[in-house]
Amino acid sequence: MSKWKAGLAAAALISLAAAFPAFATETIDFVTLDIYMGITPGESGNNMGVGVRSDGCYVDDWEITNESGEWEASDRPKVKLIVLADEEYEFASDFSEDSVEILDGAGTVTKVERDGDQTLYVYATMRRISDLNDKFSEDDDYDSDDKYSDDDEDYDDGYDDDDYDEYDYDDSWYDLEVSGAGWDDQEGGIAYWDEMDDARRYQLKLYIDDKLYESDLLSEEASYDFSEYFTEGGSYYYKVRAVRGNKRGSWCVSDVLEVSDSEAEQIYRNGGWQGDEDWIDDNSGPGADPAGSAVSPTEGAWLKDAVGYWWCNPDKTYPVNSWKLIGGKWYYFNERGYCMENAWILTDNKYYYCGQDGAMLTDTVTPDGYYVDGNGVWVSRS
């Protein structure tokens with residue numbers, strides 16, 4: 001085998017390997033905490049709630065370390081939180097105070113200790129109680145008789161009540177056990193499960209052929225559109241659990257959805273994840289003439305999605321594993337229908353090169369130093 005062919009084969013293997021996802025542990029580099037302190041000067045207690053605005057982790061436990069009787073307006077509560085990573089997640093090895101923030105400047109992180117890959121001890125000093133109480137608006141919270149008004153907002157826009165549990169409510173009453181996880185028979189790639197009244201959101205993981213494919217997913221509805229992940233045939237299933245504040249239910253495993261390569265392609269292309277703004281249908285695809293000599297709409301149109309460019313024929317079909325002459329230039333479309341760019345193509349034992357704009361090169365030297373003749377075929381100059 002020639003040096004060139006060996007290099008081409010190696011490049012093909014690298015390209016093939018890059019096309020498949022790496023099923024590795026996700027690294028958490030930064031954590032955002034939303035801490036609510038329900039403490040009033042002149043009273044004792046440790047009324048506090050914590051929400052995590054970062055995926056892949058949750059607060060397992062917390063405590064106020066300097067509580068000692070009645071609080072004074074000038075006191076600054078000190079807190080310790082235990083933050084745990086979810087399965088398939090781990091905290092970065094260089095995690096430090098700079099890797100954690102507290103929303104709205106409600107406190108300052110003073111120390112972070114990493115205990116193994118999945119446990120953090122976060123220490124923080126909150127603002128003075130008088131400053132924390134400034135986050136409440138008396139005009140909003142009380143009526144003219146200084147009685148609590150149920151009609152008004154409890155907190156300013158910086159807080160969302162739904163993110164916190166009611167502290168005088170026995171959290172064992174919450175039903176966070178999801179059931180009925182399945183797939184929509186009419187809409188491929190759409191997952192659904194039984195809605196939980198106590199859930200504020202749902203966390204999901206997607207598996208393909210028993211390997212974790214994606215775990216950084218959240219939904220506020222009892223459904224999720226997985227269509228953008230259907231890139232190949234296989235056995236698809238997901239896990240879902242309900243979340244309320246720092247409470248999590250158990251993982252519920254869905255039914256398995258078996259799809260072929262063609263079925264996966266259909267689900268991917270028809271998925272609702274692609275908004276209209278993601279598509280380009282003005283013939284500005286690879287090789288388009290900037291002067292404006294676009295291809296006639298009767299011949300088809302270039303379209304673009306999150307993966308790349310593809311060609312849509314007038315009958316809504318698209319070329320796959322084939323060459324197509326568009327606007328006087330040849331383009332090659334891979335097994336998924338996407339235009340190949342900066343790539344060698346082997347056809348009938350002859351090598352052709354598609355350039356940066358996707359068009360086949362002719363009578364020139366390729367970027368990697370090989371000559372192709374007037375028909376676009378690689379010619380050895382040995």
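Everything below is about the structure printed above this text.
Residues numbered from 1 in each chain as written. Predicted model: local features only at pLDDT ≥ 70, side-chain atom pairs only at ≥ 80, totals over all residues. Heavy atoms only, no water.

A short note on the nonpolar core
Among the nonpolar cores identified, the biggest contains 30 residues, and Ile28, Leu33, Ile35, Met48, Phe91, Phe95 and Val122 are the most heavily contacted of them. Every element with two or more residues in this core is listed here: strand E2 (31–37), strand E3 (48–52), strand E4 (57–64), strand E5 (78–85), strand E6 (89–91), strand E7 (100–102), strand E8 (107–114) and strand E9 (119–126). Residues Met196, Ala222, Phe226 and Tyr238 belong to the second largest nonpolar core, which totals 28 residues. (Core = buried A, V, L, I, M, F, W, Y, C linked by side-chain atoms within 4.5 Å. Buried < 20%, exposed > 50% of the residue type's maximum accessible area, 1.4 Å probe, protein only. Helix = DSSP H or I, 4+ residues; strand = E, 2+ residues; numbered from the N terminus.)

Regarding the pairing of strand E20 (residues 309–312)
The two faces of E20 match: Tyr309 and Trp311 on one face and Trp310 and Cys312 on the other face are all buried. Note that strand E19 (residues 301–304) and E20 share four bridges and pair antiparallel. Across the sheet, Lys304 pairs through a bridge with Tyr309, a residue of E20. Between the end of E19 and the start of E20, which pair antiparallel, lie four residues. (Pairing = 2+ DSSP bridges.)

Some details on the side chain of Asn334
Inspection of the secondary structure puts Asn334 in the loop between strand E22 (329–333) and strand E23 (343–347). When sequence neighbours within four positions are dropped, the list of residues in contact with Asn334 reads Val320, Asn321 and Met340. (Contact = heavy atoms within 4.5 Å.)

Here's the deal with the pattern of salt bridges
For the structure shown, the criterion picks out six salt bridges. Residues Glu113 and Lys111 are paired through a salt bridge, measuring 3.3 Å at the closest nitrogen-oxygen approach. A relative accessible area of 38% means that Lys111 is categorised as partly exposed. For the salt bridge of Asp117 with Arg114, the shortest nitrogen-to-oxygen distance reads 2.8 Å. We classify Arg114 as partly exposed; its relative accessible area is 31%. (Salt bridge = Lys/Arg side-chain N within 4 Å of Asp/Glu carboxyl O.)

Let's talk about the packing of aromatic side chains
Considering all chains together, one arrives at 23 aromatic pairs under this definition. With a centroid separation of 6.4 Å and 80 degrees between ring planes, the pair formed by Tyr370 and Trp378 is classed as edge-to-face. Grouped by ring-pair contacts, the aromatic residues Trp183, Trp193, Tyr202, Tyr213, Tyr224, Phe226, Tyr229, Phe230, Tyr236 and Tyr238 constitute a single cluster. It is Lys111 that lies over the ring of Tyr123; its NZ or CZ is 4.7 Å from the centre. (Phe/Tyr/Trp six-rings, centres within 6.5 Å; stacked < 30°, edge-to-face > 60°. Lys NZ or Arg CZ within 6 Å of the ring centre and 35° of its normal.)

Topic: the sheet that holds E4
Here we have four strands laid out as an open sheet, ordered E4-E5-E9-E8, and antiparallel in their pairing. The strands lining the two open edges of the sheet, one partner per strand, are E4 and E8. In this sheet, neighbouring strand axes are inclined to one another by 25 degrees on average, regardless of whether the strands run parallel or antiparallel. (Axes fitted to C-alpha atoms, helices over the stretch in contact; angles between N-to-C directions.)

Some thoughts on the sheet that holds strand E10 (residues 182–183)
Backbone-to-backbone hydrogen bonds pair the strands of a sheet. The strands run either parallel or antiparallel. Judged by pairing direction, the sheet is antiparallel, and its three strands sit side by side in the order E10-E11-E14 without closing on themselves. A single partner strand is all that each edge strand has here, and the edge strands are E10 and strand E14 (223–225). With two bridges connecting them, E10 and strand E11 (residues 190–192) associate as antiparallel partners. Considered in E11, the bridge of Trp183 is made with Ala191.

Let's talk about unusual backbone geometry
The phi torsion at Asp209 lies on the positive side, around 55 degrees, for a residue other than glycine. Within the element layout of this structure, Asp209 appears in the loop between strand E12 (201–208) and strand E13 (211–219). Even without being a glycine, Asn349 presents a positive backbone phi close to 65 degrees. Mapped onto the elements, Asn349 comes out in the loop between E23 and strand E24 (350–354). Its relative accessible area of 74% is what places Asn349 among the exposed residues.

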